[in-house]
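Topology and contacts: notes
Chain by chain, the residues:
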Amino acid sequence: MIHDILRNAVYYFEAFLRRPHWAIIPFLVALAAGVAVIFMVPRVYQSEALLMIETSQPSSTLMPTTVASEHLRFVEQRVLARDNLLALAEKFDLFPGLRQTMSDTKLADMVRNQISIQTVAAEPSDRYAGTNAMSILVSYQDPIAAADIASEIVSMIIEENRRLRVQRAQEASQFLSREVDDMRKHLEERERDWNAYMAANAEALPGRVQSLDNELQEKDRELADVDRSLSTLGQELRLLEAELRLGMQRGESNERDRQQLAELEAELATKSLTYSAAHPEIRTLTARVEAMRKKVTESASSGGGAESQQLSPELALLSERVAITKARHDALEEQRAKIVERISELRATVQRAPTVQAQLEAIERERETLQRNLDDMTSKLSTARIGERLELDDSTAHVQIVEKPEIPRYPSGMSRAKMLVLVLGAAVACAFGGLYLGDTMQRTVRGTFDLKDTLAGSTLVVIPQWSADTRRRSVVEATLDSLAPPVQQERTTTV
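Let me sum up the structure you'll find in this document. Per chain, the residues get numbers from 1 upward, laid out in the order the sequence is written. This being a predicted model, a pLDDT of at least 70 is required before a residue's local features are given, and a value of 80 or more before pairs of side-chain atoms are given or counted; all residues contribute to the totals for chains, interfaces and linings. The basis for the side-chain values is all heavy atoms of the structure; hydrogens and waters are excluded.

Structural notes on the packing of helix 2 (residues 21-40) against helix 11 (residues 416-440)
We count it as follows: Each axis is a line fitted through C-alpha atoms, taken for helices only over the stretch in contact, and angles between the N-to-C directions span 0 to 180 degrees. A run of H or I in DSSP becomes a helix once it reaches four residues, and a run of E becomes a strand once it reaches two; helices and strands are each numbered from the N terminus. Between 65 and 115 degrees an angle is taken as roughly perpendicular, under 35 as roughly parallel, over 145 as roughly antiparallel, and anywhere else as oblique. Definitions for this section: a left-handed crossing has its near helix turned counterclockwise from the far helix by less than a right angle. A right-handed crossing has that turn clockwise. Note on residue classes: Ala, Val, Leu, Ile, Met, Phe, Trp, Tyr, Cys and Pro are nonpolar, Asp, Glu, Lys and Arg are charged, and everything else, Gly too, is polar.
The N-to-C vectors of helix 2 and helix 11 enclose an angle of 155 degrees; their axes lie 7 Å apart at closest approach. Of the possible angle classes, the one that applies to helix 2 and helix 11 is roughly antiparallel. In this structure, helix 2 crosses over helix 11, and the sense of that crossing is right-handed. Of the residues assigned to the contact of helix 2 with helix 11, the class counts are 18 nonpolar, 3 polar and 2 charged.

Here is the structure:
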């Protein structure tokens, strides 16, 4: 294998000596192109800065998802906005030859491609969970401009971070303030509803059940007393009415007796004009008149009368007692109706008391829940307002510049010396490739290796340093053509 490599090396070296332009021309062309590219490509300088962003705990307790990666990503997006990039290009006169030939969007994209911001947010479970790192890398052809741009971006990140923190703190305070107000209004509305319910069911409150039972028992006893009084008074009223009716009936019979006496006296007076006192009819009428007068006198002495205004004192007193008894009876009936109504109300209230008690327990649980939520939200609001004041004072979170951007002394990437070495190697490879390609493209017999497959076992005698005229050369060529296979005849035209 080593023998073959040496033989090939010697072969291509001899080929280079025979035809040097096959290697020199590709070498020179590749070398010139590489050198031109090296010196035409502008040299890029990079300025780097490292920031440490610390976030306090009060804000993270309210907004735990925005203080790490999302917060830093939002800051990066705000800093790399198109308006900010165009302001950077205008301030530092970036790409002066291209600014007039492209749109603002493309110019902003070019500036954005020169800036690289990498953020590393700590995990919440880490020891330093509130510390996050941000690396800024600026690439530009001018080292001073690269350092100035990096410093400007650092200032923009600091300002944007502070503005974003203050905005988040204010938004959190405003949101929590609205929530607290809404919860207070809801609690007040519920308090009004609860007070209205308690006022409507004041009699059925749990504290009133014992007093309601006592009052119900008292009303039952009072109803029993009233019923007994009504029964007694009713009997008394019936007796008085019976006595009054009897007295009135006696008065009516006395009236009839007086009328009959008056008739008898009138008849006696009329007949006295005709008959004498000794007349039998006169004596009979006189006896009847006397008997009737005696009867009327006895009835009058017993207190009988016809008209109410002519009643006897006994009947008038009896009538008055009947009226008083009736009034007392009506008053007792009215009192009994009120007692029955009150008993019904008390029983309905006592029956409603368990439902009211259950509702009051539900109200109390709801009140405790709403009050607990309100207290929790009020505590969060106080924390948010403290965080807002601290953010306005710039004392809760700040950015530390760990590594300030410096003016780079050397361009980034590979140096020109290394690039020249690579170009020189590429030129040598091109030279070898040109030599190999030129040799491969030759259609003559280059050596015995080209005759190995062509002869296919035939013998070929090689005469070194052969010189003959054209006729003899033609004979030799004809001889070789006859010996070679038809496919390989083109490779054996010249010996």
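Don't stop here, the text continues.
A word on the pattern of salt bridges
Here is the rule we go by: Note on definitions: salt bridges are taken to be side-chain nitrogens of Lys or Arg within 4 Å of carboxyl oxygens of Asp or Glu. A 1.4 Å probe rolled over the protein chains alone gives each residue an accessible area, and that area as a share of the maximum for its type sets the label: buried under 20%, exposed over 50%, partly exposed in between.
As enumerated under the stated definition, the model contains 16 salt bridges in all. Between arginine 342 and glutamate 215 there is a salt bridge; the shortest N-O distance is 3.0 Å. Taken as a pair, arginine 342 in helix 10 (residues 313-392) and glutamate 215 in helix 8 (residues 209-272) lie far apart in primary sequence, 127 residues in all. On the accessibility criterion, arginine 342 (24% relative accessible area) is partly exposed. The class for glutamate 215 is partly exposed, based on a relative accessible area of 21%. Two residues, aspartate 220 and arginine 347, come together in a salt bridge whose shortest N-O distance is 3.9 Å. Of this pair, aspartate 220 sits in helix 8 while arginine 347 sits in helix 10, placing them 127 residues apart in sequence. When its relative accessible area of 45% is taken as the criterion, arginine 347 is described as partly exposed. Among the ionic contacts, a cluster of salt bridges with common partners joins Arg78, Glu160 and Arg163.

Considering the pairing of strand 3 (residues 131-140)
Stated formally: Two strands pair under a simple rule: DSSP has to find at least two bridges between them.
Buried residues dominate strand 3, accounting for 8 of its 10 residues. Summarising the sheet, strand 1 (residues 45-54) and strand 3 pair through 10 bridges and their orientation is antiparallel. For glutamate 54, the partnering residue across the bridge sits in strand 3 and is threonine 131. Here 6 bridges tie strand 2 (residues 115-120) to strand 3, and the two strands are oriented antiparallel to one another. Note on strand 3: the bridge partner recorded for valine 120 is alanine 133.

A look at unusual backbone geometry
Glycine aside, residues mostly have negative phi angles, and peptide bonds mostly take the trans form. Residue aspartate 93 is not a glycine yet carries a positive backbone phi of 55 degrees. Here aspartate 93 lies in the loop between helix 5 (82-92) and helix 6 (104-113). Judged by relative accessible area, aspartate 93 falls into the partly exposed class, the value being 44%.

Re the environment of isoleucine 282
Among the structural elements, isoleucine 282 can be located in helix 9 (residues 280-301). Along the chain, isoleucine 282 and glutamate 267 lie 15 residues apart, while their C-alpha atoms are 9.4 Å from each other.

Considering the environment of isoleucine 149
Along the polypeptide, isoleucine 149 turns up in helix 7 (residues 143-200). Sequence-wise, isoleucine 149 and lysine 91 are 58 residues apart; in three dimensions their C-alpha atoms are separated by 9.4 Å.

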